[in-house]
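# Structural characterization, general
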Amino acid sequence: MTEVRRVPFFNYPALFERDEAQIMATLKDVGSRGAYIMQRDLAEFEEELAAFLDVRHAFGVSDGSNAITIALVASGISPGDEVILPSHTFIATAAAVHAVDAVPVLADCSPDHMLSAESVRSLITDKTRAVLPVQLNGRTCDMDAIQAVADKHGLTVVEDAAQALGSRFRGRCAGTFGSAGTFSFYPAKLLGCLGDGGGLVTNSDDIADQVHMLRDHGRDRDGEIRRWGFNSRLDNLQAAILKFKLAKFPQEISRRREIAGRYQELLGDVPALQLPPPPEDGDHFDVYQNYELEAENRDELQAHLAAANVGTLVQWGGTPVHGFKELGFTNAPEYTEAMFRRCLMLPMNTSLSDEDVDYVAAAVRSFYDA
Ligand SMILES: *Cc1c(COP(=O)(O)O)cnc(C)c1O
């Protein structure tokens, strides 16, 4: 390779620069109206998010982590209940369960890195109350299989769709399968704002009433305190920014799928790699929050790519939830355990040019050719 390039894993300043004019105009508009908390931009964003996902109710909340806690409280998860979630997730998913004094139980994932329904089934006890699938990397779990287990054992389903806005299974959007689903608008997420932000969606009018109160100090639509709540509102300014970004979000998804297709084309024949499922994959419509593959000699590959100025990451800093021994976990889901010696994420975002993708793929190939 003679060409010299630098492909960072994620380019935060590029996120701002691409939309700079519109961001500055939005700041001026919102600021001049003094419209900071629970104002019309938030209401409009919520309406448009609900329409995009084809769901009855959408709420902007403070972040994707508190969104899960609120979803669990609103869905009636109580102290002592066991909630089954994948070990391959951000600590926030398990922490949300802990925050409601319920017990997080860690399940294994399948070769596509998504929660295994079989593993969920094997962990059910008489205390199990809910299953919390994580719609990871921009993919939606096989929700038929998970719903079948949930139905058989009378479990509530709450989805952590922080990484999967716009992802679908059999045409239905991630976040809209369970009693409630949650999203993150963290800057590096598919739809990112300029700081923390999150969303919560539900098709249930009762859960929507609870969420409305839970995120705003327990106040109902008339401003009366009706229950204990939190301060967990999405800033109106962030909502205004997210609103204009949501309008062009379909192009964002198309570009990510195009990049995934390009990686597939350029790397699909490398025997040392197990790539993520390709864009055309049966019942699944992936939006590629991440491009998480499995690789032989992962650590050496990562060092080789770093030497070629290609930024990569092992998700969760290299440790699935069961690896945090101080938190008291004792099981080690088998596939997840092995996968964390092999998994690596290549750059996947819309700041990448085709040339960047080609460069990354060539750098990967040159490692295994050597
Ligand atoms: C990002 C993320 C969260 C947390 O979202 P925040 O907005 O950062 O609080 C939760 N779960 C998963 C799977 C995530 O990727």
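The structure we're discussing is the one just above.
In what follows, the accompanying structure is described.

The rules behind these values
- Residues numbered from 1 in each chain as written.
- Predicted model: local features only at pLDDT ≥ 70, side-chain atom pairs only at ≥ 80, totals over all residues.
- Heavy atoms only, no water.
- Helix = DSSP H or I, 4+ residues; strand = E, 2+ residues; numbered from the N terminus.
- Rg over C-alpha atoms; globule rule 2.2 N^0.38 Å.
- Buried < 20%, exposed > 50% of the residue type's maximum accessible area, 1.4 Å probe, protein only.
- Areas by Shrake-Rupley, 256 points an atom, 1.4 Å probe, with all protein chains shown as cover.
- Near = heavy atom within 4 Å.
- Polar contact = N/O pair within 3.5 Å; in protein donor to acceptor, adjacent residues only side chain to side chain.
- 1 Å grid on protein atoms, 1.4 Å probe; cavity = no way out; pocket = protein on both sides within 12 Å on 5 of 7 lines; lining within 4 Å.
- Sits in = over half its atoms within 2 Å of the grid points.
- Nonpolar A, V, L, I, M, F, W, Y, C, P; charged D, E, K, R; others polar.
- Core = buried A, V, L, I, M, F, W, Y, C linked by side-chain atoms within 4.5 Å.
- Contact = heavy atoms within 4.5 Å.
- Pairing = 2+ DSSP bridges.
- Axes fitted to C-alpha atoms, helices over the stretch in contact; angles between N-to-C directions.
- Points joined across faces, edges and corners; volume = space filled by probe spheres on them.
- Patch = residues over 30% accessible without salt bridge, like charges linked within 9 Å, V, L, I, M, F, W, Y side chains within 5 Å.
- Salt bridge = Lys/Arg side-chain N within 4 Å of Asp/Glu carboxyl O.

### Structural notes on the overall build of the chain
The secondary structure content of the chain amounts to 13 helices and 13 strands. In summary, the chain has a C-alpha radius of gyration of 21 Å against a globular reference of 21 Å for 370 residues, a match within 12%. By its C-alpha atoms, the chain is 70 × 55 × 40 Å across when sized along the principal axes. For the chain, buried positions account for 55% of its 370 residues. Put simply, the chain shows about 15,700 Å² of open surface, and 50% of that area lies on carbon and sulfur atoms.

### A closer look at the site of the ligand
Near the ligand, the surroundings consist of 14 residues, among which Gly64, Ser65, Asp160, Ser184 and Lys189 are the closest. Between the ligand and the protein, one listed contact pairs a nitrogen atom with a side-chain N or O atom of Asp160 at 2.7 Å. Against a free-state accessible area of 380 Å², the protein chains account for coverage of 94% of the ligand. A majority-of-atoms criterion places the ligand in the largest pocket. Along the lines of polarity and charge, the residues of the shell around the ligand split into four nonpolar, seven polar and three charged.

### With respect to the nonpolar core
Among the nonpolar cores identified, the biggest contains 53 residues, and Tyr263, Leu267, Tyr291, Leu305 and Leu346 are the most heavily contacted of them. At the level of secondary structure, the elements contributing two or more residues to this core comprise β3 (103–107), α6 (117–123), α7 (143–153), α10 (249–267), β12 (291–295), α11 (298–307), β13 (343–346) and α13 (354–369). By residue number, the principal contributor to this core is α13, which donates seven residues. When neighbours within four sequence positions are excluded, Leu267 is seen to be in contact with Leu273, Leu275, Leu346, Ala361, Val364 and Arg365. Formed by 28 residues, the second largest nonpolar core is a distinct cluster that contains Ile77, Val83, Ala96 and Leu106.

### Description of the sheet that holds strand β1 (residues 57–61)
Pairing between the strands of a sheet comes from backbone hydrogen bonds, and it takes one of two forms, parallel or antiparallel. In spatial order, the strands read β1-β9-β8-β5-β4-β2-β3; together these seven strands make up an open sheet with mixed pairing. On the outer flanks of this sheet lie β1 and β3, each paired with one strand and no other. Averaged over all adjacent pairs, the angle separating strand axes in this sheet is 25°, with direction ignored. Bridge count for strand β5 (residues 156–160) against strand β8 (residues 180–184) is three bridges, and the pairing is parallel.

### Comments concerning the layout of surface pockets
To find leftover empty space, a probe the size of one water molecule is rolled over the atoms. Looking at the largest pocket, its volume works out to about 660 Å³. Gln163, Tyr186, Lys189, Gln315 and Trp316 are, among the 34 residues lining the largest pocket, the residues nearest its centre. Mapped by element, the contributors of at least two residues to the lining of the largest pocket are α4 (64–74), α5 (91–99) and β13. No other element matches α4, which puts three residues into the lining of the largest pocket. Lining the second largest pocket are 18 residues, and of these Arg18, Leu190, Lys245, Glu252 and Thr350 lie nearest its centre. Looking at the lining of the second largest pocket, the elements with two or more residues in it are α1 (12–18) and α10. Considering only residue class, the lining of the second largest pocket consists of six nonpolar, five polar and seven charged.

### Some words on the pairing of β1
By the criterion of burial, β1 is predominantly enclosed, with five of the five residues buried. Across five bridges, the pairing between β1 and strand β9 (residues 198–202) is antiparallel. Opposite Phe59, over in β9, you have Leu200 as the bridge partner.

### Points about a nonpolar patch on the surface
The grouping of Phe16, Met24, Leu27 and Leu194 at the surface amounts to a nonpolar patch, some 330 Å² of accessible area in total. Tracing the backbone shows Phe16 in helix α1. You can call Phe16 partly exposed: its relative accessible area is 30%.

### Quick word on the side chain of His57
With respect to the helices, strands and loops of the structure, His57 is situated in strand β1. A polar contact of 2.7 Å, which involves the side chain of His57, links it to the side chain of Asp205.

### Some words on α5
Listing the buried residues of α5 in full gives Ala92, Thr93, Ala94, Ala96 and Val97. Residues of α5 that are buried make contact with α4, β2 (82–86), β3 and β5. Once α5 finishes, Asp101 follows within two positions and takes phi at roughly 60°, a positive value.

### Quick word on the sheet that holds β12
Pairing in this open sheet of three strands is antiparallel, and the strands run β10-β12-β13 from one edge to the other. Bordering the open sheet on either side are β10 (273–274) and β13, each of which pairs with just one other strand. Pairing of β10 with β12 involves two bridges; the strand directions are antiparallel. By the bridge assignment, Gln274 is partnered in β12 with Glu294. Relative to β12, α10 is tilted by about 20°, and along the sheet it contacts β10, β12 and β13.

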